[in-house]
Amino acid sequence: MATAIRIDGKAKAAELSEKITAETAALARDHGIKPGLAVVIIGEDPASQVYVRNKQRRAAACGFHSVKHALPEDVSQEDVLALIDDLNGDDAIHGILVQLPLPGHLDEGAITQSISPAKDVDGFHAFNVGKLALRQPGLRPCTPRGVMSLLHYYGIANRSMHAVIIGASNIVGRPMALELLLTGSTVTVSHRFTRNLEDHVRSAELLISAIGKPGIIDSEWIPRGAIVVDVGINRLPDGRLVGDIDFASAAQRAGWISPVPGGVGPMTITMLMKNTVQSAKQFAGLA
Ligand code: NAD
């Protein structure tokens, strides 16, 4: 039986990171600019600690000015907003990222929307989402941008294909639909209230799963030759990280498939770096 081509996000991310590092060095040499990324982390969530450490390491490897603001679990909304206000006005900072999720007493929407759209390197601000919806992309949400980059790299971002996205969150499913519409795909977005999920999956030329639960999609539903992008990251009780889709069985049907780990994840962080450079260039009038 045929086996799918593996969409290697890790390799593509490494290649792109080298380009970003070279571009950063050129910005410093030719224009005296150093992209600056501020990461705000609140509380002690272990997964968030790992994500923030990885982002900081990558920023340092790219040659950025990188700062971390660690705030206590019980920090007030006012103090978080005051910090973001300071960062919005800090000329050395071109990108601000608040690591989600936030402790329950904080208003995630208000905090995310308090970041200046020009420094919103996660691409979560209504202004940037609106720009994407209006086909004038500015700072684009990192995970969907990373998926698009992979599809282009493998030459499989075809106009007119039927894309089925499972998951409709603000950070993955919805902006993913907007990205695909931009390329001319016909898009179906399904979610927890969707009836007949199987029928939708069976009609997909491109299937993107961003559910956050394994076992919802039966590999038997995947059309032969389809492109499968697994955004989900799930920790099993035995400690293993897996996607939403069973890689081994899906690879027997798909034409292309992204693994977890090593697929979309490394691209997301790389797009964060790309957005930070883009922002720094915009501030310097070089974009
Ligand atoms: P979320 O919980 O905000 O959204 C999940 C979506 O899945 C919702 O729209 C929900 O309606 C849908 N859903 C839930 N159960 C369903 C079902 N039975 N059938 C159909 N749809 C269902 O999650 P999120 O923040 O969008 O993240 C989704 C997954 O992607 C998580 O595993 C997360 O860790 C992962 N993620 C990965 C990256 C990356 O870089 N690879 C980035 C962001 C998120």
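Residues numbered from 1 in each chain as written. Predicted model: local features only at pLDDT ≥ 70, side-chain atom pairs only at ≥ 80, totals over all residues. Heavy atoms only, no water.

(A) Spatial organisation of the site of the ligand. Within the structure, the ligand sits among 20 residues, and Ala168, Ser169, Arg192, Ile233 and Thr268 are positioned closest to it. The separation between a nitrogen atom of the ligand and a polar side-chain atom of lysine 213 is 3.0 Å. Note that an oxygen atom of the ligand is positioned 2.6 Å from one of the side-chain N or O atoms of threonine 268. In isolation the ligand has 870 Å² of accessible area, and contact with the protein removes 76% of it. Sort the elements by how many residues they give to the shell around the ligand and helix H10 (residues 264-283) lands first, with three residues. For the shell around the ligand, the class distribution of residues is 10 nonpolar, eight polar and two charged. (Near = heavy atom within 4 Å. Polar contact = N/O pair within 3.5 Å; in protein donor to acceptor, adjacent residues only side chain to side chain. Areas by Shrake-Rupley, 256 points an atom, 1.4 Å probe, with all protein chains shown as cover. Helix = DSSP H or I, 4+ residues; strand = E, 2+ residues; numbered from the N terminus. Nonpolar A, V, L, I, M, F, W, Y, C, P; charged D, E, K, R; others polar.)

(B) Quick peek at the pattern of salt bridges. For the structure shown, the criterion picks out six salt bridges. Note that arginine 253 is salt-bridged to glutamate 220, the shortest N-O span being 3.8 Å. Here arginine 253, found in the loop between helix H9 (247-251) and strand S11 (256-257), pairs with glutamate 220, found in the loop between strand S7 (206-209) and strand S8 (227-230); they are 33 residues apart in sequence, far enough to count as distant. Note on glutamate 220: relative accessible area 49%, which makes it partly exposed. Between aspartate 238 and arginine 240 there is a salt bridge, with its nearest N and O atoms 3.1 Å apart. (Salt bridge = Lys/Arg side-chain N within 4 Å of Asp/Glu carboxyl O. Buried < 20%, exposed > 50% of the residue type's maximum accessible area, 1.4 Å probe, protein only.)

(C) Spotlight on a nonpolar patch on the surface. On the surface, Tyr51, Ile233 and Leu241 cluster together to form a nonpolar patch covering roughly 250 Å² of accessible area. Relative to the helices and strands, tyrosine 51 resides in helix H2 (residues 46-62). Residue classification places tyrosine 51 among the partly exposed positions, given a relative accessible area of 38%. (Patch = residues over 30% accessible without salt bridge, like charges linked within 9 Å, V, L, I, M, F, W, Y side chains within 5 Å.)

(D) Inspection of the nonpolar core at higher detail. Grouped together as the largest cluster of nonpolar side chains are 43 residues, with contacts concentrated most on Leu151, Leu180, Leu206, Ile208, Val229 and Met273. Sorting elements by how many residues they give to this core places H10 first, with eight residues. In contact with leucine 206, other than residues within four places in its own chain, are Leu151, Met161, His162, Ala163, Val164, Leu180, Ile227 and Val229. (Core = buried A, V, L, I, M, F, W, Y, C linked by side-chain atoms within 4.5 Å. Contact = heavy atoms within 4.5 Å.)

(E) Quick peek at the side chain of histidine 162. Positionally, histidine 162 belongs in strand S5 (residues 162-166). On the basis of relative accessibility, which here comes to 16%, the residue histidine 162 falls in the buried class. There is a polar contact of 2.7 Å between the side chain of histidine 162 and the side chain of threonine 188. Once residues within four sequence positions are removed from consideration, histidine 162 is found in contact with Thr186, Thr188, Ser203, Ala204, Glu205 and Leu206.

No statement about biological role is implied by the geometric values presented.
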